[in-house]
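What the coordinates show
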Amino acid sequence: MENINFKFKTNYTLSSKIQPFYKGGKVQVSKDEKYIFCTCGSRVNVLEISTGKIIHSIEHDDQEDITSFALSCDDEVLVTASRALLLKQWDWRQALCTRSWKAIHTVPIASMTFDTTSTLLATGGCDGTIKLWDIVKQYCTHNLKGSSGVVHLVHFHPDIDRLQLFSSSLDCGIRLWDLRSSRCVCVLQSHYSAVTCLSFSPDGDTMISSGRDKICTVWDLKSQTAKRTVPVYEALEGVLILPAKKDLSQIGVKTKDLHFITAGSKGVLRVWEASTGRCVYIQPLQSTLSPPSEHEEEKDDDPRSLTYLLELPASDRLATVTSEHNIVFYKLPALSTQQQFVGYNDEVLDVKFLGKNDSHIVVATNSCQLKVFELLTNSCQILYGHTDTILSLDVFKKGFVFASCAKDRSVRVWRMDGDSGQVSCVAHGSSHTNAVGSITCSRMKASFIVSGSQDCTVKVWDLPADLSTTDVHQLTARVTEKAHDKDVNGVAVSPNDKLLASGSQDRTAKLWSLSGEGSLGLLGVFRGHRRGIWAVCFSPVDQVLATSSADGTSKLWSLQDFSCLKTFEGHDASVLKVIFVSRGTQLLSSGSDGLVKLWTIKTNECVKTLDAHQDKVWGLHGSRKDDKMVTGSVDSNIIVWTDVTEAELAEEQAKQEDQIIKQQELSNLLHEKKYLKALGLAISLDQPHTVLSVIKAIRQVEDWHELLEKTVMKLRPDQKESLLRYCSVWNTNAKNCLDAQAVLRVLLTHLPPEEMLQYQGARTHLEALIPYTERHMQRIGRLLQASMFLNYMWQKIRVAGAPSRVRRDQDMDTAPLGSETLFVIDKNPGKDGGQNMDDSENEEDEADEEKEEEDDSGDEEVSAGKKATANGNHPAESSDESWEEEEDDEAHEMKPLTTSSFPQCTTLTS
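Per chain, the residues get numbers from 1 upward, laid out in the order the sequence is written. Whole-chain, interface and lining totals are the exception, using all residues; otherwise, since this is a predicted model, local features are given only for residues with pLDDT of at least 70 and side-chain atom pairs are given and counted only at 80 or more. Water and hydrogen atoms were dropped before computing side-chain values, which therefore reflect all heavy atoms in the structure.

**Section: the sheet that holds strand S56 (residues 628–633)**
What links the strands of a sheet is backbone hydrogen bonding, and the strands pair in either a parallel or an antiparallel sense. A pair of strands is considered paired only if DSSP assigns at least 2 bridges between the two. Working definition: helices are DSSP H or I runs of at least four residues, strands are E runs of at least two. Numbering for both runs from the N terminus. Taken in spatial order, the four strands line up as S1-S57-S56-S55 in an open sheet, and their pairing is antiparallel. The open sheet has two edge strands with one neighbour each: strand S1 (12–18) and strand S55 (617–622). The average undirected angle you get between the axes of adjacent strands in this sheet is 20 degrees. By the bridge criterion, five bridges tie S55 to S56 in an arrangement that is antiparallel. Residue Leu620 lies in a different strand from S56, and its bridge partner there is Thr631. An axis is simply a line fitted to the C-alpha atoms; with a helix, the fit covers only the stretch in contact. Between two such axes, the angle follows the N-to-C directions and lies from 0 to 180 degrees.

**Some words on the packing of aromatic side chains**
Working definition: a ring pair exists when centres of Phe, Tyr or Trp rings (six-membered ring for Trp) sit within 6.5 Å. Plane angles under 30 degrees give stacked, over 60 give edge-to-face, the rest tilted. Tallied over the full model, the rule gives 11 aromatic pairs. Between Phe37 and Trp92 the ring centres are 5.0 Å apart and the planes differ by 85 degrees, which places this aromatic pair in the edge-to-face class. In this pair, Phe37 is assigned in strand S3 (residues 35–40) and Trp92 in the loop between strand S8 (86–91) and strand S9 (96–102), connecting sequence segments 55 residues apart. For the residue pair Phe37 and Trp92, the accessibility class agrees, reading buried in each case. Put simply, the rings of Tyr35, Phe37 and Trp92 pair up and form one aromatic cluster. Across from the ring centre of Phe69, 5.4 Å away, lies the NZ or CZ of Lys26, which sits over that ring. Each ring is checked for a lysine NZ or an arginine CZ that lies within 6 Å of its centre and within 35 degrees of its normal; such an atom marks a charge sitting over the ring. Across from the ring centre of Trp101, 3.8 Å away, lies the NZ or CZ of Arg99, which sits over that ring. For every residue, the accessible area obtained with a 1.4 Å probe (protein chains only) is divided by the maximum for its type, and the residue is called buried under 20%, exposed over 50%, and partly exposed between those limits.

**So, the pattern of salt bridges**
The term salt bridge refers to a pairing of a side-chain nitrogen on Lys or Arg with a carboxyl oxygen on Asp or Glu at a separation within 4 Å. Summed over all chains, the structure comprises 24 salt bridges. In this structure, the salt-bridge partner of Glu237 is Arg212, at a minimum N-O distance of 2.7 Å. Of this pair, Glu237 sits in strand S22 (residues 236–241) while Arg212 sits in the loop between strand S19 (206–211) and strand S20 (215–220); the two residues are 25 residues apart in sequence, bridging distant segments of the chain. Its salt-bridge partner being Asp350, residue Lys577 comes within 3.6 Å of it at the nearest N-O pair. Of the two residues, Lys577 sits in strand S51 (residues 575–581) while Asp350 sits in strand S30 (residues 348–354), which places them 227 residues apart along the sequence. Like Lys577, the residue Asp350 is buried in the burial classification. In this structure, a network of salt bridges that share partners links the residues Asp159, Arg162, Asp205 and Lys222.

**Concerning the confidence of the model for the chain**
A residue's pLDDT is the predictor's confidence in that residue, given on a scale from 0 to 100. Across the chain, pLDDT averages 83, with 85% of residues at or above 70. Note on residues 1–5: pLDDT under 50 across the span, and two contacts to partners over four residues away in sequence or across chains. Across residues 287–300, confidence stays below pLDDT 50; counting only partners more than four residues off in sequence or on other chains, it has 17 contacts. Residue contacts are defined here by distance: any two heavy atoms, one from each residue, within 4.5 Å place the two residues in contact.

**A few points about the nonpolar core**
Among the nonpolar cores identified, the biggest contains 33 residues, and Val691, Leu708, Leu723, Leu724 and Trp730 are the most heavily contacted of them. Sorting the residues of this core by element identifies helix H1 (645–671), helix H2 (675–684), helix H3 (688–699), helix H4 (704–713), helix H5 (717–730), helix H6 (737–750) and helix H8 (762–796) as the ones contributing at least two each. Setting aside residues no more than four positions away along its own chain, Trp730 makes contact with Pro688, Val691, Leu692, Ile695, Leu723, Asn736, Cys737, Ala740 and Val743. Residue types Ala, Val, Leu, Ile, Met, Phe, Trp, Tyr and Cys, when buried and joined through side-chain atoms within 4.5 Å, form a set referred to as a nonpolar core. Ranked by size, the runner-up nonpolar core spans 17 residues in total, among them Leu242, Leu269, Tyr281 and Leu318.

Below, the structure is given as structure tokens:
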């Protein structure tokens, strides 16, 4: 009974989207700590921290890359600099450019900063110059020269009364500029590599600098000397002096001495005591891997390395930016992770729903990190464990345990805590000899996983009964089977956990039995694809298997005889993933063309094509409730789609009901002869045919000209505009042209041309009216001519034996005398050709009829002939004088027609 009310899906709509917002460069947090500003190519994106949504995107008109930007300390002004050497000032809340000016720099700007009053802006260029701008008065106040190479760091002293500016360039020195004299007071030399960050003590007398030469230097600004050099054994990108008045004992701050925190290539935050140079706290690494030792050689592309360290004093938080463009917020004093945002996902290789009610998604990108997003806030957990790119994911039935596999030849099982939402690795296995490209989980309960590898083998891994422990279980493969001759691209377990399907680059899919303890039992081979198979999927209800291939097709196979049941063709490139939806009655497929297609299996019909991605869609997964799906693509976008079939159906039904109600209302108005309201209602429905029916109803009224004029002129201007548009359509049909012309006459008579030309598309509509109107006029002209000839023929017809009817016909003859001479035919056919012969034969027949009437009617017919002569007709008894007068008038040789003119005719008598 449940299937009776079942409806196929017809459409999905985009519900939410996780897209790149940061691809490297500067990051700044607003003073109110509600927004993150970060560069993304030619844009500066503004991310709302509470929701993780991009609320503004600021871009130059020329779409040049933005090299640097700065937000004023009062959060009011944003200034951006592009490669086109143009500075722009923005009202960023409105995404409105309020002012732009040339930067004067000869090469792009590398660094920018505001002073604490938000009135002075300093720009450091790649040409070694520093310029200061008064944002209020809008002019350049200083041009500081002397730096060597790119000025990559500019920083005002927090005490604006000192009017000091610090800068650093390629010579690794820190220059102190006195803005009163525009001179360089001194150069602080301590670092042997690029200086990356400066931090000032609350009293402004102490400064700490960090550099990529793995040292921090504590400076006494009164004496302008270095007080201490602290070796930190990592290339630093950020340093912050910790507040002295807060209790930070959890992170090793036991004394009132100056302490600072550093961020660098090791990917962890460390707290240092400035007076002794001692590290008092190391943040525990958020991964299952041990941190690298101090003597271990660091990798330049280590995903854990930090590139920025930001302070959020109002909320007692710190923020770091990683080299993989992740922004992480930590809560003081424990430095516990509070929020994480992923600025750039790179290529998305797989994505699955996760958690209670599918509240999260887990994403495998072109990285060794796993990312678990909370869909409500876009906040992300970053999971470490794999050491190479993760290729595939699968989730167990309940949605809290999932498995991953990677190029590092290993598989891992992860578990999400139902209360806290934290994810941890609970099992690990590695015995493949090549990259593991596909993985699938058991369907009934979390008892085993199956992996397929580029080493052509399939492995079955048994899981421990209890996965709730904190220990990481070491997995061993229960079964290893050489399944194919080439890479195994896809594996799937049947709903009853008894069958396994595998798809390979060797163009075949195979069905295996999982019941055997020692090995997999081959049941059959599915052959038919012309290229490699990317994915396999069991139907949840039927004994069928779906496969997708690089040949651009998806196929359904019978598990009984391994025959191909159906083939779905529609993608222009490889079909990368296929899944069942709608209780196994429909398919979703994604391809290399960036399209996602919805298929109805029964009809082989593609119901809907979803086009929102720009590149290969590797990730495709449906929710457990079958009301959502998620897709992930190489274009770095992750999209959550919602099934809107029922919503669209309800909306369509509501529209139909509304149309019925309005149609009934229209009928009532027409019945009550309230034509103005009826016409307005019909126009509001935007139904030209309904409006035409109202016009026709008006034209059926006795005095319709005046009524139509009054009704049309009382319409609003927008309704008149619609009426003109409808007229151009009606006029194309001869049946409706009179109604269109009647309305046009009213509009053209009473509306001035200036008003009509203001209507949208008025010129187009009027131009479309002209050719059809000319065609209608020509048609009516031809009709009038034809009706004149018919009138003449009607007058000349005589019926033998019906004198009274003849008299009535003669009485109907009202044509003028001159009009008949056009149809008089010369008895000589030799002059005018064959046409005169035909006409003369017609005249003979007419003469015969008149002769019969003479024989039958006698004197009465003669009197009738005289009467006809008086009315302008020309019977056979007409006198010669009348014809001679016509000859003079028409300048033709014409003679009266009599029966004697046609000797070959025989007169019939009764």
